[in-house]
Amino acid sequence: MSARGGSAPPPLPVFAEDAFPSRTRHPWLVVRLGAILGVAITVCFVTGIVSHLHQHPLAWLPLPAGPVWGYRVNQGLHVATGLASIPIFVAKLWSVYPHLFTWPAVRDPRHALERLSVGLLAAATGFELVTGVLNLAHLYLWSFLFPVAHYAVAWVVVGSVLLHLAVKWPLVVQGWKSRADATVVDDHELEADPAAGAEEAVTRRAVLWGSVAAAAAITTVTVGQSLRPLGWAGLLAPRSPQDVPTGIPINRTAASAGVLVSIVSDDYRLRVGDQVFTLAQLSALPQVEVELPIACVEGWSASGVWGGVRLRDLLDLGGIPQDATVRAVSLEAEGLYSSAEVTPSFSRHPDTLLALRLGGQVLSHDHGYPVRLIAPNRPGVLQTKWVSRVEIV
């Protein structure tokens, strides 16, 4: 009864006892979805750290230039596991959804930590997945810098996972030991319907394997952008190598970079240290051909046969010391990656070129004409196009 003698207001529908009737939501399902999601998050996090170190190298942790396919595999795994995490994440949220509406909202300090870990984990993971997918589509609906935000929030995800495990570990162990046919119905219901337990077992396994199948399907229709044998299945791959004549997709064109005039100018010169080269002089130097992949941070990758001059030969001609870190600077006046640093392990590698050709043909404007950097085990954003000079950092 209310203070005025009336009936107490009914609870909100979402807090009603029968608001979540599905018995498939059970610790057996929750912990297994959590384990799969945990593996995917771990792979995403580790490969993301490697990718970040490639783009923002640390002086005390030099990265090797080999294997030449290293970054290609790393970033392919990063994007593939990120996309595959989406259905698992949605299923995991669905499996614990009723607990978000228990009342009271906070019962004690431990319960407060549990709520905090759930909120952080759901929000941070959702942010990573949504912004990651939009980045693949080059659809930027925000003003912040994606690489910086994506990297920072990844640490929030990992921290919230560890906090969540710490406060929920006893329940995790209990859920892992439970049986798929363990139900939330009471003994009287089971006596009335002995088949109820078996029916719930099938349903829970169906939810689990259905989520895994959805993750596998997403992987199949996107991984072709980096795994060429599955290129035919790349229905949702935003940058499929099979869609371009050269087999090397293009993210940034010469027109969008504003270099169409400067790259065809008769005044073009390449400055390396103390030396200045015309295109004719570059073509007269000893030429090398190497097969190297372009591997983009967005997950796509493709191999090409590049021809040009070894960077180390040009550095020697320009009087640049062998232990010097150099910077390749583009004709592109502005842009986040209009220049890129090249440490000695890359600049002195025999497969690192200032390329003049791709597939035996002169570079197209969009692939970096007249000169571009190509090096092994290196993100595509650091394979500077339209190079105008190479200087000591």
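Each remark here, short or long, concerns the structure printed above.
Below you will find a few notes about this structure.

1. Let's talk about the overall build of the chain
Each helix and strand in the chain was counted, giving 10 helices and 10 strands. Going through the 393 residues of the chain one by one, you find that 44% of them count as buried. A separation threshold of at least 6 residues defines the contact pool for the chain, and within that pool the share at least 24 residues apart is 69%. If you sum the accessible surface of the chain, you get close to 20,100 Å²; carbon and sulfur atoms cover 64% of it.

2. With respect to the environment of A302
Tracing the backbone shows A302 in strand β4 (residues 301–310). Along the chain, A302 and G247 lie 55 residues apart, while their C-alpha atoms are 6.7 Å from each other.

3. Quick word on the pairing of strand β3 (residues 288–295)
Here β3 lies mainly inside the structure; 6 of its 8 residues are buried. Pairing analysis gives 8 bridges linking β3 to β4, with the strands arranged antiparallel. When the bridges of β4 are listed, E291 appears paired with V305. Where β3 folds back on β4, the antiparallel hairpin that results is connected by 5 residues, among which G299 adopts a positive phi of roughly 110°.

4. Here we look at the environment of P147
With respect to the helices and strands, the residue P147 is situated in helix α4 (residues 146–177). P147 gets classed as partly exposed once you look at its relative accessible area, which sits at 28%.

5. As for the packing of helix α2 (residues 70–96) against helix α3 (residues 109–136)
Relative orientation and spacing of two packed helices are given, respectively, by the angle between their axes and the distance between those axes. Axis separation between α2 and α3 bottoms out at 10 Å; the angle between their running directions is 135°. Between α2 and α3, the interaxial angle falls into the category oblique. Taken as a pair, α2 and α3 cross one another with a handedness that is left-handed. Residues V79, G82, L83, S85, I86, F89 and L93 of α2 form the contact with α3, whose own contacting residues are A122, T125, G126, L129, V133 and L136. When grouped by side-chain class, the residues that make up the contact of α2 with α3 number 9 nonpolar, 4 polar and no charged.

6. Regarding the pattern of salt bridges
In total, this model carries 6 salt bridges according to the counting rule given. As a salt-bridge pair, K168 and E114 come within 3.1 Å of each other at their nearest N and O atoms. Linking K168 in helix α4 with E114 in helix α3, this pair joins segments that are 54 residues apart in sequence. For E114, a relative accessible area of 16% corresponds to the buried category. In this structure, R327 and E341 form a salt bridge, with 3.9 Å as the shortest nitrogen-oxygen distance. Highlighted residues: R327 in strand β5 (residues 326–330) and E341 in strand β6 (residues 339–342), separated in sequence by 14 residues. Residue classification places R327 among the partly exposed positions, given a relative accessible area of 23%.

7. Brief notes about the packing of aromatic side chains
Taken as a whole, this structure holds 6 aromatic pairs when the rule is applied. Their ring planes at 90° and their centres at 4.9 Å tell us that F45 and W155 sit as a pair that is edge-to-face. With F45 in helix α1 (residues 27–55) and W155 in helix α4, this pair connects stretches of sequence that are 110 residues apart. Seen in terms of ring centroids, Y140 and W142 are 5.7 Å apart; in terms of plane orientation they differ by 80°. Their pairing is edge-to-face. Judged by its relative accessible area of 42%, Y140 is partly exposed. Against the face of F346 rests R378, its NZ or CZ located 5.6 Å from the ring centre.

8. Considerations on unusual backbone geometry
A cis geometry characterises the amide bond from G66 onward to P67, with omega recorded as -5°. For P67, the location among the structural elements is in the loop between α1 and α2. Look at the link from Y369 to P370: it is a cis peptide, with omega at 10°. Topologically, P370 is positioned in the loop between β8 (361–362) and β9 (372–374). With phi around 55°, N377 is a residue other than glycine that occupies positive phi space. Relative to the helices and strands, N377 resides in the loop between β9 and β10 (387–392). The buried category is assigned to N377, whose relative accessible area is 7%. The phi torsion at W386 lies on the positive side, around 55°, for a residue other than glycine. For W386, the location among the structural elements is in the loop between β9 and β10.

9. Here's the deal with the sheet that holds β6
Ordered in space as β2-β1-β10-β5-β6, the 5 strands form an open sheet in which the pairing is mixed. Strand pairing shows two members of the sheet lacking a second neighbour, β2 (275–277) and β6, which therefore form its edges. Adjacent strand axes in the sheet meet at a mean angle of 20°, parallel and antiparallel pairs treated alike. In the sheet, β5 pairs with β10 via 5 bridges, with the strands oriented antiparallel. Residue pairing across strands places V326 opposite I392, the latter belonging to β10.

Calculation criteria
Residues numbered from 1 in each chain as written. Predicted model: local features only at pLDDT ≥ 70, side-chain atom pairs only at ≥ 80, totals over all residues. Heavy atoms only, no water. Helix = DSSP H or I, 4+ residues; strand = E, 2+ residues; numbered from the N terminus. Buried < 20%, exposed > 50% of the residue type's maximum accessible area, 1.4 Å probe, protein only. Contact = heavy atoms within 4.5 Å. Areas by Shrake-Rupley, 256 points an atom, 1.4 Å probe, with all protein chains shown as cover. Pairing = 2+ DSSP bridges. Axes fitted to C-alpha atoms, helices over the stretch in contact; angles between N-to-C directions. Parallel < 35°, antiparallel > 145°, perpendicular 65-115°, else oblique. Left-handed = near helix turned anticlockwise from the far one by under 90°. Nonpolar A, V, L, I, M, F, W, Y, C, P; charged D, E, K, R; others polar. Salt bridge = Lys/Arg side-chain N within 4 Å of Asp/Glu carboxyl O. Phe/Tyr/Trp six-rings, centres within 6.5 Å; stacked < 30°, edge-to-face > 60°. Lys NZ or Arg CZ within 6 Å of the ring centre and 35° of its normal.

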